[in-house]
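Coordinate inspection notes
As a plain string of letters, each chain reads:
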Amino acid sequence: MDDDILSRVVEVEREVQQRLDVEKKMSLDWIEKVKKEAEERVVAEEKKLKEEMGQDLQKAKLEAEKGAAAIIEDAHDEAARLRDIGDEILKKTIRKHLSTILPGH
């Protein structure tokens, strides 16, 4: 009878160990699966952020080009306006400023 009880205890311990091994494997598999899913999400988010950054950079570049074009256009307009100023107006303007710079003239 003692042998029968001892055999039964050993058998139960073996079953418990087998169940523990199965649970451990399942836990490790689950951890690996969750880790892989997390890595995939990180890669996907990184890709998304890079794409957004590229789009934002392109948008900023276009806005800078538009701003530069507007500045150049304004400079061309101002240059054209200055070219159209007549000699008499220039002479009057120069005399006015010379009198400020050189008092008594």
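You'll find the structure just up there.
Residues numbered from 1 in each chain as written. Predicted model: local features only at pLDDT ≥ 70, side-chain atom pairs only at ≥ 80, totals over all residues. Heavy atoms only, no water.

1. Some remarks on the environment of Thr-93
Relative to the elements of secondary structure, Thr-93 occurs in helix 2 (residues 87–101). Spatially, the C-alpha atom of Thr-93 lies 115 Å from that of Val-9, the residues being 84 residues apart in sequence. (Helix = DSSP H or I, 4+ residues; strand = E, 2+ residues; numbered from the N terminus.)

2. Thoughts on helix 2
Under the 1.5 Å per step criterion, the end-to-end length of helix 2 is 21 Å for 15 residues, consistent within 8% with the ideal 21 Å. Of all 15 residues that make up helix 2, zero are buried, and the element is exposed over most of its length. (Expected span 1.5 Å × (residues − 1). Buried < 20%, exposed > 50% of the residue type's maximum accessible area, 1.4 Å probe, protein only.)

3. A few points about the pattern of salt bridges
What the rule picks out here adds up to four salt bridges. The closest approach of N and O atoms between Arg-8 and Glu-11, which form a salt bridge, is 3.1 Å. Here Arg-8 pairs with Glu-11, and both are found in helix 1 (residues 2–83), just three residues apart, close to one helical turn. Looking at Arg-8, the relative accessible area reads 45%, which means it is partly exposed. Exposure remark for Glu-11: the relative accessible area of 36% places this residue in the partly exposed category. (Salt bridge = Lys/Arg side-chain N within 4 Å of Asp/Glu carboxyl O.)

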